[in-house]
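Commentary on secondary and tertiary structure
The residues making up each chain are set out below.
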Amino acid sequence: MDDVRKILVPVDFSANSCKIMALAASLAQRFKAELAVVFVVQSFDDYSGFFVPREPIAQFEEEMIRNAEEKMQSFIQECLAPDAQVQTRVLTGDVADSIVEHATRTGVDLIVIGTHGYRGLERVLFGSVAEKVIKRADCPVISINPYRS
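Quick caveat, the model's predicted, so the values are computed rather than measured. (Residues numbered from 1 in each chain as written. Predicted model: local features only at pLDDT ≥ 70, side-chain atom pairs only at ≥ 80, totals over all residues. Heavy atoms only, no water.)

**Section: the pairing of strand β1 (residues 6–10)**
Across the 5 residues of β1, 5 count as buried, placing the element largely inside the fold. Here β1 shows a buried face lined by Lys6, Leu8 and Pro10 and a second buried face lined by Ile7 and Val9. At this point the chain moves from β1, through helix α1 (residues 15–31), to the parallel strand β2 (residues 34–42), and the crossover so formed is right-handed. Where β1 meets strand β4 (residues 110–114), 2 bridges bridge the pair, whose relative direction is parallel. Considered in β4, the bridge of Ile7 is made with Leu110. (Buried < 20%, exposed > 50% of the residue type's maximum accessible area, 1.4 Å probe, protein only. Helix = DSSP H or I, 4+ residues; strand = E, 2+ residues; numbered from the N terminus. Right-handed = clockwise from strand over helix to strand, strands pointing away. Pairing = 2+ DSSP bridges.)

See the structure below:
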């Protein structure tokens, strides 16, 4: 893993995301790698035919993106040192697919992602973004359970 030059950290703006960011920042410093942070706004395109006209959904997504971009800036200030060099991006679409596609498109060498630790019915209902990213990514993925770190 000496060739790690770009590390991607998907976040959900939770307190646990700060723990994941700290580890990723440490790895980036150790490898002298770029640090990139993404947040994905779940696309509502698949739901456009369910009782709601398409236009309000589009407006809602635009508002979500604007809010996420603002939240990203405060999140970075809260979780990283003021002199940290980081690229940020807000994406839209399926969360796992968007993370993997962005990683491939931007030449990411390593993804550092947190898990929520869902079990049983929660896992069946919500699935695991981390698990999907691990299975689909072209690069290595480090998954972190923030409750155990």
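**What to know about the environment of Ala68**
Looking at where Ala68 falls in the secondary structure, it is placed in helix α2 (residues 54–79). Separated by 22 residues in sequence, Ala68 and Val90 place their C-alpha atoms 6.8 Å apart. In this structure Ala68 touches Phe13, Phe39, Val41 and Val90, once residues within four positions along its chain are discounted. (Contact = heavy atoms within 4.5 Å.)

**A few points about unusual backbone geometry**
Keep in mind that most residues, glycine aside, have a negative phi and that most peptide bonds are trans. Look at Phe13: it is not a glycine, yet its phi comes out positive at around 70°. In this structure, Phe13 sits in the loop between β1 and α1. The exposure class assigned to Phe13 is buried, which follows from its relative accessible area of 16%. Positive phi, normally seen in glycine, also occurs at Lys32, with a value near 55°. Mapped onto the elements of the fold, Lys32 is located in the loop between α1 and β2.

**Details of the state of the cysteines**
What we call a disulfide is simply a covalent bond connecting the sulfur atoms of a pair of cysteines. In total, this model carries 1 disulfide according to the counting rule given. The disulfide partner of Cys18 is Cys79, and the gap between their sulfur atoms is 1.7 Å. Its torsion about the S-S bond being -45°, the disulfide of Cys18 and Cys79 is classed as left-handed. Of the two residues, Cys18 sits in helix α1 while Cys79 sits in helix α2, which places them 61 residues apart along the sequence. Each of the two residues, Cys18 as well as Cys79, counts as buried. (Disulfide = S-S within 2.5 Å.)

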